[in-house]
Amino acid sequence: MSAQTSAADGVSGAAPAGVAAGSGLGFDPIARAREQWVEQGWSPAADGMAAITSLMRAHQIVLARVEATLKPLGVTFARYEVLMLLWFSRRGSLPMKVIGSRLQVHPTSVTNAVDRLEDAGLVTRSTHPEDRRAMLVALTATGRELAEQATKALNTEVFEQPDLGAEDVRSLVDVLTRLRRGAGDF
């Protein structure tokens with residue numbers, strides 16, 4: 001049984017089907033799932049299940065906030081990340097392979113994002129001048145403007161207001177950094 005099944009089924013790690021987040025469920029479904037893990041004799045896994053499920057739910061909540069902020073600008077977070085990577089690069093351009101490596105995503109995901117950004121006139125793609133096998137992606141003036149506008153919106157509406165105190169934010173970053181390092185993320 002998964003921690004993601006609905007509360008109506010008795011085990012829950014997310015809001016039940018048809019119940020929106022913040023709908024006044026009246027209890028913490030992940031805490032309830034943890035209790036049920038213990039009742040089933042899975043105590044050694046209960047805290048880890050609660051931690052992982054909480055992390056996954058937090059990801060959903062934060063991504064929804066980010067996407068809602070970016071939607072009026074016509075860009076997804078994945079595309080925003082590409083724009084910002086180019087914005088921070090010295091020349092405003094990078095090879096496709098470098099974009100994928102730095103964003104830690106599959107080459108197909110980079111191609112997809114770049115295709116959409118190119119269609120919107122936010123980036124251009126050309127053959128790399130020093131390596132004809134590589135494609136170079138460059139930020140356009142319009143792309144630079146959108147990246148700045150999106151960053152301003154994200155800073156104001158999301159990053160400056162993470163719904164956690166400053167000490168909790170630092171602790172969270174430290175914990176997640178250890179998790180990422182342990183997984184070989186860097």
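Let me begin by describing the structure that accompanies this report. Bear in mind the structure is a predicted one, so any value in this text is a computation, not a measurement.

### Focus: the pairing of strand β3 (residues 135-139)
Stage number 1. Bridge analysis of strand β1 (residues 93-95) against β3 gives three bridges, and the strand direction is antiparallel. Among the inter-strand pairings, P95 is bridged to a residue of β3, identified as L136.
Stage number 2. Pairing of strand β2 (residues 123-127) with β3, which is carried by five bridges, proceeds in the antiparallel orientation. Residue pairing across strands places S126 opposite L136, the latter belonging to β3.

### Re the packing of aromatic side chains
Stage number 1. Summed over all chains, the structure comprises three aromatic pairs.
Stage number 2. Taking NZ or CZ as reference, R32 lies 4.0 Å from the ring centre of F27, over its face.

### Things to note about unusual backbone geometry
Stage number 1. Backbone geometry places Q104, a non-glycine residue, at a positive phi of 60°.
Stage number 2. Mapped onto the fold, Q104 is located in the loop between α4 (96-103) and α5 (107-119).
Stage number 3. A positive phi angle, close to 65°, is found at D163, a residue other than glycine.
Stage number 4. Within the secondary structure layout, D163 lies in the loop between α6 (141-159) and α7 (166-182).

### Quick look at the pattern of salt bridges
Stage number 1. For the structure on display, the rule yields six salt bridges.
Stage number 2. In this structure, the salt-bridge partner of D115 is R125, at a minimum N-O distance of 2.5 Å. Of this pair, D115 sits in helix α5 while R125 is found in strand β2, placing the two residues 10 residues apart along the sequence.
Stage number 3. Between R180 and D185 there is a salt bridge, with its nearest N and O atoms 2.9 Å apart.
Stage number 4. R180 sits in the partly exposed class, given a relative accessible area of 37%.
Stage number 5. Overlapping salt bridges bring together D115, E118 and R125 as one network.

Cut-offs applied
- Residues numbered from 1 in each chain as written.
- Predicted model: local features only at pLDDT ≥ 70, side-chain atom pairs only at ≥ 80, totals over all residues.
- Heavy atoms only, no water.
- Pairing = 2+ DSSP bridges.
- Helix = DSSP H or I, 4+ residues; strand = E, 2+ residues; numbered from the N terminus.
- Phe/Tyr/Trp six-rings, centres within 6.5 Å; stacked < 30°, edge-to-face > 60°.
- Lys NZ or Arg CZ within 6 Å of the ring centre and 35° of its normal.
- Salt bridge = Lys/Arg side-chain N within 4 Å of Asp/Glu carboxyl O.
- Buried < 20%, exposed > 50% of the residue type's maximum accessible area, 1.4 Å probe, protein only.

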